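The lines below spell out each chain.
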Amino acid sequence: MGKLRIGVLASHNGSNMVAVHEASLAPEAGFVVAVVISNNSSSGALAYAREHDIPTGHLSGRTHPDPADLDDAIRAVLVEHDVDWVVTAGYMRKLGPVVRKEFSGRIINIHPSLLPLHGGHGMYGMRVHEAVLAAGDSVSGPTLHLVDEEYDTGAVLAQREVPVLPEDTADTLAARVLAAEHVLLPQEIARIAAERHQRTSGE
């Protein structure tokens with residue numbers, strides 16, 4: 001069996017996708033980025049993927065106005081590229097039931113707080129970091145979790161704590177958490193790939 005094939009969905013710059021791709025280039029990496037999908041045709045994620053010869057897909061309400069058709073289209077692209085696991089990294093849309101069923105237990109999302117704190121519908125980006133500061137939390141950090149039918153309620157796979165400093169603003173905290181995301185996400189994908197290799201090889 002070859003390397004674990006990752007499909008990444010991203011809406012904007014795709015810095016987490018870049019971190020995953022760069023980690024995949026290491027000789028010992030057990031995974032590859034098989035395709036990058038974005039709902040934003042001008043996203044940095046798509047631009048980076050094209051520059052690095054990673055297959056891409058722009059799938060959105062513009063290309064598929066019917067949500068069910070969009071769901072089917074995303075599934076089709078992921079299946080076409082033999083994706084094993086799906087990663088939503090800064091993807092600003094909820095995945096539909098067809099994709100969730102096809103990849104049940106194999107979709108992971110990175111969220112910028114220590115879930116279950118500061119998660120749920122509408123909690124993304126700077127809203128999360130502002131909520132952390134408003135709550136007076138002493139630590140924050142990203143959470144990697146499985147995706148289910150609700151926002152940020154899937155099983156937690158891993159977290160990485162970072163300190164919240166007295167002088168922090170939402171911007172400075174966001175930068176620190178994002179740096180931790182860039183470590184946590186590739187690390188956990190590598191772990192998933194290694195575990196699959198062990199299972200299939202009988203080690």
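Here's what I pulled together on the structure shown here. This structure is a prediction, so every number in the text was calculated from the model and none was measured.

**Some words on the pattern of salt bridges**
The full count for this structure, using the stated rule, is five salt bridges. Of the charged contacts in the structure, one is a salt bridge between Arg 75 and Glu 102, with a shortest N-O distance of 3.0 Å. Of the two residues, Arg 75 is situated in helix H3 (residues 67-80) and Glu 102 in helix H4 (residues 97-102); the sequence distance between them amounts to 27 residues. Each of Glu 188, Arg 191 and Glu 195 takes part in one network of salt bridges that share partners.

**With respect to the environment of His 129**
You can see His 129 is positioned in helix H5 (residues 126-135). Residues His 129 and Pro 166, spaced 37 residues apart in sequence, show a C-alpha to C-alpha distance of 14 Å. With near-sequence residues (within four places) excluded, His 129 lies in contact with Pro 112, Ala 170, Leu 173, Ala 174 and Val 177.

**What to know about unusual backbone geometry**
Residue Pro 116 is reached from Leu 115 by a cis peptide bond, and omega for that bond is 15°. Residue position: Pro 116 is located in the loop between strand S5 (107-111) and H5. Even without being a glycine, Asp 53 presents a positive backbone phi close to 55°. Within the secondary structure, Asp 53 is located in the loop between helix H2 (44-51) and strand S3 (56-58). Residue Asp 53 is classed as exposed on the basis of its relative accessible area, which comes to 70%. A positive phi is found at Asp 152, a non-glycine position, where the angle reads about 65°. Secondary-structure assignment places Asp 152 in the loop between strand S7 (143-146) and strand S8 (156-159).

**Considering the side chain of Thr 143**
Mapped onto the elements, Thr 143 comes out in strand S7. A polar contact of 2.6 Å, which involves the side chain of Thr 143, links it to the backbone oxygen of Ser 113. In contact with Thr 143, not counting residues within four places along its chain, are Asn 109, Ile 110, His 111, Ser 113, Leu 114, Leu 115, Val 156, Ala 158, Gln 159 and Leu 184.

**Overview of the packing of H5 against helix H6 (residues 170-201)**
Packed helices, taken two at a time, are described by the angle their axes make and the gap between the axes. At their nearest, the axes of H5 and H6 sit 9 Å apart, and the two run at 110° to each other. As summarised for this structure, H5 and H6 are arranged roughly perpendicular, according to the angle between their axes. H6 is crossed by H5, and the crossing has right-handed handedness. Contact with H5, carried on its side by Met 126, His 129, Glu 130, Val 132 and Leu 133, involves Ala 170, Asp 171, Leu 173, Ala 174 and Val 177 of H6 and no other residues of that element.

**Structural notes on the packing of helix H1 (residues 15-24) against H2**
Where H1 contacts H2, the axes come no closer than 9 Å and their chain directions differ by 25°. One element, H1, and the other, H2, form an angle in the roughly parallel class. Together, Met 17, Val 18, His 21 and Glu 22 of H1 and Ala 45, Tyr 48 and Ala 49 of H2 make up the contact between the two elements. Split into classes, the residues belonging to the contact of H1 with H2 amount to five nonpolar, one polar and one charged.

**Looking at the sheet that holds strand S4 (residues 85-88)**
Across the sheet, seven strands lie side by side as S3-S2-S1-S4-S5-S7-S8; this open sheet has mixed pairing. With one partner strand each, in any of the chains shown, S3 and S8 form the two edges of the open sheet. The mean inter-strand angle of the sheet, taken between neighbouring strand axes irrespective of direction, is 20°. Two strands pair when backbone bridges link them, and S4 and S5 are joined in this way by three bridges, in the parallel orientation. The residue bridging Val 86 from the neighbouring strand is Ile 107, located in S5. H3 rests against strand S1 (4-9), strand S2 (31-38) and S4 of the sheet, and its axis sits at about 155° to S2. Against the sheet, H6 engages S1, S2, S4, S5, S7 and S8, with an angle of about 160° to S5.

The rules behind each value
Residues numbered from 1 in each chain as written. Predicted model: local features only at pLDDT ≥ 70, side-chain atom pairs only at ≥ 80, totals over all residues. Heavy atoms only, no water. Salt bridge = Lys/Arg side-chain N within 4 Å of Asp/Glu carboxyl O. Helix = DSSP H or I, 4+ residues; strand = E, 2+ residues; numbered from the N terminus. Contact = heavy atoms within 4.5 Å. Buried < 20%, exposed > 50% of the residue type's maximum accessible area, 1.4 Å probe, protein only. Polar contact = N/O pair within 3.5 Å; in protein donor to acceptor, adjacent residues only side chain to side chain. Axes fitted to C-alpha atoms, helices over the stretch in contact; angles between N-to-C directions. Parallel < 35°, antiparallel > 145°, perpendicular 65-115°, else oblique. Left-handed = near helix turned anticlockwise from the far one by under 90°. Nonpolar A, V, L, I, M, F, W, Y, C, P; charged D, E, K, R; others polar. Pairing = 2+ DSSP bridges.

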